[in-house]
Amino acid sequence: MADKETQEIKERVAQAIRIIVNEGLIEWSGHLSARIPGTRHFCVLGHLHEEGRSLEETTAEDIVTVDLDGKLVEGGHEPPGEVSIHTELYKARSDISSVLHTHAPAATALGVSGAALLPLNISYGLMFADGVPVFPSACQINTPEVGQELAKVLGNKNAALMKGHGTVSVGTSIEHCCSVSLFLEKAARFQLMATQFGEPQPISAVDLARYAGRKWDSEESRQRFWAFYGGRLPK
Ligand SMILES: [Zn+2]
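All figures in this text were calculated on a predicted structure; none of them were measured in a lab. Numbering of residues begins from 1 in every chain and follows the order in which that chain's sequence is written. The predicted origin of the model limits local features to residues at a pLDDT of at least 70 and limits the giving and counting of side-chain atom pairs to 80 or more, whereas totals for whole chains, interfaces and linings rest on all residues. To get the side-chain values, take all heavy atoms of the structure and skip hydrogens and water.

Caption draft 1: Fine view of the pattern of salt bridges. Salt bridges are defined by distance alone: a side-chain nitrogen of Lys or Arg within 4 Å of a carboxyl oxygen of Asp or Glu. Under the definition given, this model contains 13 salt bridges. Measuring nitrogen to oxygen at the nearest pair gives 2.8 Å for the salt bridge that ties D95 to R93. What emerges from the salt-bridge pattern is a single network uniting D217, E219 and R222.

Encoded structure:
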């Protein structure tokens, strides 16, 4: 049985999963996790593929507690097959509290296009102004070794594209991590649209400098995440 703090984290992870499903970032696969502060454990969506359920109905019972070796600590499901995404990124990045793996369509398509994500839009392109790395192997991240390769490619960035597979984002909170993936998908879609009109012209370095030092994980932005995206969930 999960303690009160863990149960609250599970509730928030489940709600965030319902949100990112509703926003089209994941369908039947993909997973979100959040660290349990002060422990070697994190909460992550369990392995539900065989159950044939839609992730729109995710509840706290679907979230399990796992340690940094990828072993189940508590909960009614096995850890996801790609749990090494979470264990290896948490081990490599003490600064992060949440990890999200998606199969978001536009960002995944960008990852096989050979094109780089460009800073084209001040609403959701700025956090990727210094580039988004691409993990070059179209493989499942199903061993710690491959997870470590992904961590190397991600470096100190907040997002990476996974060639022919999906995306990964990290953040200092669940809200921050999910917002990075949401913005990445919107930025990829926007670039796709701009490319239909002609050759996209990136925002200049002078203009980008106006936004330097901007915080992406303020209390205000966390509240906005739940209020705005949560408000769009079907009643
Ligand atoms: Zn995957």
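After that view of the structure, there is still more to cover.
Caption draft 2: Representation of the coordination of the zinc ion in the model. Metal-coordinating donors are taken as N, O and S atoms lying within 2.8 Å of the metal, or within 3.2 Å when the metal is Na, K or Ca; because water is left out, some sites can appear incomplete. The zinc ion binds to the protein through E82 (OE), H101 (NE2), H103 (NE2) and H165 (NE2), with metal-donor distances spanning 2.1 to 2.4 Å. When four donors show all angles between 85 and 135 degrees the site is tetrahedral, when four or six donors have opposite pairs over 155 degrees and all other angles between 65 and 115 it is square planar or octahedral respectively, and in every other case it is irregular. Here the zinc ion binds 4 donor atoms, and the angle range of 87 to 151° at the metal identifies the geometry as irregular. Counting the intervening residues between successive donors of the zinc ion yields the motif E-x18-H-x1-H-x61-H. Of this pair, E82 sits in the loop between β4 (72-74) and α2 (83-92) while H101 sits in strand β5 (residues 98-102), and the two are 19 residues apart along the sequence. In this scheme, a residue with accessible area under 20% of its type's maximum is buried, one over 50% is exposed, and one in between is partly exposed, where area comes from a 1.4 Å probe on protein chains only. When its relative accessible area of 5% is taken as the criterion, E82 is described as buried. Since its relative accessible area comes to 0%, H101 is described here as buried. Secondary structure counts use DSSP, requiring at least four H or I residues in a row for a helix and at least two E residues in a row for a strand, with both numbered from the N terminus.

Caption draft 3: Structural detail: the side chain of S98. On the secondary structure map, S98 appears in strand β5. In the analysis that follows, any N or O atom pair within 3.5 Å is treated as a polar contact, provided that within protein one partner can donate a hydrogen and the other can accept it, and provided that, for residues neighboring in sequence, both atoms belong to side chains. One polar contact links the side chain of S98 to the main-chain carbonyl oxygen of S33, over a distance of 2.8 Å. Should any heavy atoms of two residues lie within 4.5 Å, those residues are considered in contact. Excluding its chain neighbours within four sequence positions, the residues that come into contact with S98 are L32, S33, A34, Y90, S169, V170, G171, S173, I174 and C177.

Caption draft 4: Fine view of the packing of aromatic side chains. In this analysis, rings of Phe, Tyr and Trp, with Trp reduced to its six-membered ring, are considered paired at centre separations within 6.5 Å, and the interplanar angle assigns stacked below 30 degrees, edge-to-face beyond 60, and tilted for intermediate values. This structure, assessed with the given rule, holds 6 aromatic pairs. Their ring planes at 75° and their centres at 6.4 Å tell us that Y124 and F190 sit as a pair that is edge-to-face. Taken together, the positions of Y124 in the loop between α3 (105-111) and β6 (134-135) and F190 in helix α5 (residues 174-197) put the pair 66 residues apart, joining distant regions of the chain. In this structure F190 comes out as partly exposed when scored by relative accessible area, which is 28%. Taking 4.8 Å as the distance between ring centres and 75° as the angle between the ring planes, the aromatic pair formed by F228 and Y229 counts as edge-to-face. Here F228 falls in the partly exposed class, since its relative accessible area comes to 43%.

Caption draft 5: Region of interest: the sheet that holds strand β3 (residues 63-67). Strand order across the open sheet formed by 8 strands is β4-β3-β2-β1-β5-β8-β7-β6, with mixed pairing between neighbours. Each of the sheet's edge strands pairs with one partner strand only, and the pair in question is β4 and β6. Here, axes are lines fitted to C-alpha atoms. For helices the fit covers the stretch in contact, and angles between N-to-C directions go from 0 to 180 degrees. Packing against the sheet, helix α1 (residues 4-22) makes contact with β1 (31-35), β2 (41-45), β3, β4 and β5, and its axis sits at approximately 115° to β3. Together, β1, β2, β3, β5, β7 (159-162) and β8 (166-171) form the strand contacts of α2, whose direction differs from that of β1 by roughly 30°. In short, DSSP must find at least two bridges between two strands for them to pair.

Caption draft 6: Expanded view of the pairing of β7. Burial along β7 is two-sided: the residues A159 and L161 and A160 and M162 are all buried. Relative to β7, β6 is paired through 2 bridges, and the arrangement is parallel. Bridged to V134 within β7 is L161. Here a crossover is taken to be right-handed if, once the strands point away from the viewer, the path from the first strand over the helix to the second is traced clockwise. This β-α-β element, β6 to helix α4 (residues 144-154) to β7, shows right-handed connectivity. Where β7 folds back onto β8 in an antiparallel hairpin, the turn is made up of 3 residues, including G164, whose phi is positive at roughly 65°.

Caption draft 7: Main features of the packing of α2 against α4. Contact pair α2 / α4: the axes reach a minimum separation of 8 Å and the direction vectors enclose 50°. The pairing of α2 with α4 is recorded here as oblique in orientation. The chirality of how α2 crosses α4 is right-handed. Facing α2, whose interface residues are S84, I85, E88, L89 and A92, α4 presents P144, G147, Q148, L150, A151 and L154. Partitioned by chemical class, the residues of the contact of α2 with α4 number 7 nonpolar, 3 polar and 1 charged. An angle below 35 degrees is treated as roughly parallel, one above 145 as roughly antiparallel, one from 65 to 115 as roughly perpendicular, and anything else as oblique. A clockwise turn of the near helix away from the far one marks a right-handed crossing, whereas an anticlockwise turn of less than a right angle marks a left-handed crossing. Note on residue classes: Ala, Val, Leu, Ile, Met, Phe, Trp, Tyr, Cys and Pro are nonpolar, Asp, Glu, Lys and Arg are charged, and everything else, Gly too, is polar.

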